[in-house]
Amino acid sequence: YFQTGKHDEAFTQLQKYFDGQLQSKGRAAYVLLADILKATKKSDELIGRLETLAKKDARNALLQLFLADQYLAAKRLDDAEAMYKTALKSSTEMSGYLGLAAVYRQQKRPAELIQALAKGFGGTRSPEQLAANLGKLETEMKAIQEDEKLLDSLIAAGREMSKGDNPKLDFNGSFILGKLAGDAKKIDAAVELYRFALKARADRAGAVYSELGSLLLENEKYGQAAEVFDEASTEPALAGQWPMFLYRLSQAHEMNGQTKKAITAIREARQGLPDNPLLHYQEGWIFYHAENWDEAIPLFEEIIENYNKQPAAKPTVRR
């Protein structure tokens, strides 16, 4: 009905869905309501209608979240905060925590903003999961980055929350703050926050070491990056990842002018994964970067010969 311009009929059918207190269409039902009201020039009625529906269907967290979003858009921040909190009593939807984060960002409430972001971040063990979770926070984190005073207050609040025997800052909060600080080139603060994250959750050390080491490499802190990757390569909890960290260690050493150390690291990694073309290439690259052509050329020739037609593989790790 809506697609054919029959707005009254569309609303009648949609109201039957609402009267049945159904939730099978998720947010789509409320988006359709908003579209119908917009098409009939009644958008100013949306919040009122949603409030009426929410009173009748008090257990509908999806409806509550959608209403909270409308409060947020209308700058009714106190109403938005209350409704997000109500919805989150029965829902773990990330959108609810992101909505709260937007409220606290606009209200300049750093401690609450950290906690909302942390709860919305979810769990992460691998760098891949980390990237996916950070992607979901991208819009909010970008808005924070654009407000330097707010960012500074967040970092200060995080540092304060990390103090004591029972810190109020958790892994998620410290990791997110580390990312925000790093992206803003506040390297010392980022290192401090990532180090706190390592202490908070040793089981997620791989993702933290990877993020911290990459940050230091990107900012030409090669000696510090080497320390991070060296530490990671000998961490017992990361026994299955040590060749990757040795690979990164070799890169940091070479960029720091430590070619001998770089070669030692990459050859140790190759002992664990002898058939890995990336590690083989890395050894050649180190000699190339050091302008040692006599060593680099044979290695590159071996790579061309050995891996030209060989599909990528994951050999068993040995040490």
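This text follows the structure it describes.
Now for a description of the structure that goes with this document. (Residues numbered from 1 in each chain as written. Predicted model: local features only at pLDDT ≥ 70, side-chain atom pairs only at ≥ 80, totals over all residues. Heavy atoms only, no water.)

**Brief notes about the overall build of the chain**
Here is step 1: Secondary structure assignment for the chain yields 18 helices and zero strands.
Here is step 2: Per-residue burial over the chain gives 45% buried out of 319 residues.
Here is step 3: Taking all contacts inside the chain whose residues are at least 6 apart in sequence as the whole, residues at least 24 apart take part in 53%.
Here is step 4: A total accessible area of about 17,200 Å² is found for the chain, and carbon and sulfur atoms account for 49% of it.
Here is step 5: On the chain, the mean spot of the 43 positive side-chain charges and the mean spot of the 45 negative ones are 7 Å from each other. (Helix = DSSP H or I, 4+ residues; strand = E, 2+ residues; numbered from the N terminus. Buried < 20%, exposed > 50% of the residue type's maximum accessible area, 1.4 Å probe, protein only. Contact = heavy atoms within 4.5 Å. Areas by Shrake-Rupley, 256 points an atom, 1.4 Å probe, with all protein chains shown as cover. Lys, Arg positive; Asp, Glu negative; His and termini not counted. Charge placed at Lys NZ, Arg CZ, Asp CG, Glu CD.)

**Observations regarding a nonpolar patch on the surface**
Here is step 1: On the surface, Tyr-288, Trp-293 and Ile-297 cluster together into a nonpolar patch covering about 330 Å² of accessible area.
Here is step 2: Tracing the backbone shows Ile-297 in helix α18 (residues 293-307).
Here is step 3: Classification of Ile-297 by relative accessible area gives partly exposed; the value is 47%. (Patch = residues over 30% accessible without salt bridge, like charges linked within 9 Å, V, L, I, M, F, W, Y side chains within 5 Å. Salt bridge = Lys/Arg side-chain N within 4 Å of Asp/Glu carboxyl O.)

**Considerations on the packing of helix α14 (residues 222-233) against helix α15 (residues 242-255)**
Helix packing for two helices is described by the angle between their axes and how far apart those axes are.
Here is step 1: Following both chains from N to C, one finds α14 and α15 inclined at 160 degrees, their axes separated by 8 Å at the closest point. Looking at the two axes, α14 sits roughly antiparallel to α15. Classified by chirality, the crossing of α15 by α14 is left-handed. Counting all contacts with α14, which are made through Tyr-222, Ala-225, Ala-226, Phe-229, Asp-230, Ala-232 and Ser-233, the residues of α15 involved are Trp-242, Phe-245, Leu-246, Arg-248, Leu-249, Ala-252, His-253 and Met-255.
Here is step 2: For the contact of α14 with α15, the class distribution of residues is eleven nonpolar, two polar and two charged. (Axes fitted to C-alpha atoms, helices over the stretch in contact; angles between N-to-C directions. Parallel < 35°, antiparallel > 145°, perpendicular 65-115°, else oblique. Left-handed = near helix turned anticlockwise from the far one by under 90°. Nonpolar A, V, L, I, M, F, W, Y, C, P; charged D, E, K, R; others polar.)

**What to know about the packing of helix α6 (residues 94-106) against helix α9 (residues 138-145)**
Here is step 1: Two elements in contact, α6 and α9, have axes whose closest approach is 10 Å; the angle formed by their N-to-C orientations is 10 degrees. The angle between α6 and α9 falls in the class roughly parallel. Contact with α6, carried on its side by Leu-98, Ala-101, Ala-102 and Arg-105, involves Glu-140, Ala-143 and Ile-144 of α9 and no other residues of that element.
Here is step 2: Taken together, the residues of the contact of α6 with α9 break down into five nonpolar, no polar and two charged.

**Notes on the side chain of Arg-270**
Here is step 1: Mapped onto the fold, Arg-270 is located in helix α16 (residues 259-272).
Here is step 2: For Arg-270, a relative accessible area of 18% gives the class buried.
Here is step 3: In this structure Arg-270 touches Leu-279, His-280, Glu-283 and Leu-299, once residues within four positions along its chain are discounted.

**Topic: the pattern of salt bridges**
When the charged atoms of two side chains with opposite charge come close together, those side chains can pair.
Here is step 1: Counting across every chain of the model gives 19 salt bridges.
Here is step 2: Residue Arg-49 pairs with Glu-45 through a salt bridge whose shortest N-O separation is 3.0 Å.
Here is step 3: Using a relative accessible area of 31% as the deciding quantity, one classes Glu-45 as partly exposed.
Here is step 4: What emerges from the salt-bridge pattern is a single network uniting Glu-81, Lys-85, Arg-109 and Glu-112.

**Remarks on the environment of Arg-159**
Here is step 1: Mapping Arg-159 onto the fold places it in helix α10 (residues 148-161).
Here is step 2: Judged by its relative accessible area of 32%, Arg-159 is partly exposed.
Here is step 3: As a C-alpha pair, Arg-159 and Gly-178 span 19 residues in sequence and 11 Å in three-dimensional space.
Here is step 4: In contact with Arg-159, not counting residues within four places along its chain, are Asp-188, Ala-189 and Glu-192.

**Quick look at the packing of aromatic side chains**
Here is step 1: Per the counting criterion, the structure on display carries ten aromatic pairs.
Here is step 2: Ring geometry for Tyr-17 versus Phe-18: centroids 5.9 Å apart, planes at 70 degrees, classification edge-to-face.
Here is step 3: Here the aromatic residues Tyr-17, Phe-18, Tyr-30 and Phe-66 are joined through ring pairs into a cluster of three or more. (Phe/Tyr/Trp six-rings, centres within 6.5 Å; stacked < 30°, edge-to-face > 60°.)

**Overview of helix α2 (residues 28-39)**
Residues three or four positions apart in an α-helix share a direction because the helix packs 3.6 residues into each turn.
Here is step 1: End to end, α2 covers 16 Å across twelve residues, agreeing with the expected 16 Å (1.5 Å per residue, within 8%).
Here is step 2: On its buried face, α2 is in contact with α1 (7-19), α3 (46-56) and α4 (61-73).
Here is step 3: Positioned one or two residues after α2, Lys-41 has a phi angle of 60 degrees, which is positive. (Expected span 1.5 Å × (residues − 1).)

**Some remarks on the side chain of Gln-64**
Here is step 1: Secondary-structure assignment places Gln-64 in helix α4.
Here is step 2: On the basis of relative accessible area, Gln-64 is assigned to the buried category, the value being 5%.
Here is step 3: The residues touching Gln-64, leaving out its near neighbours within four places in the chain, are Ala-58, Met-83, Thr-86 and Ala-87.

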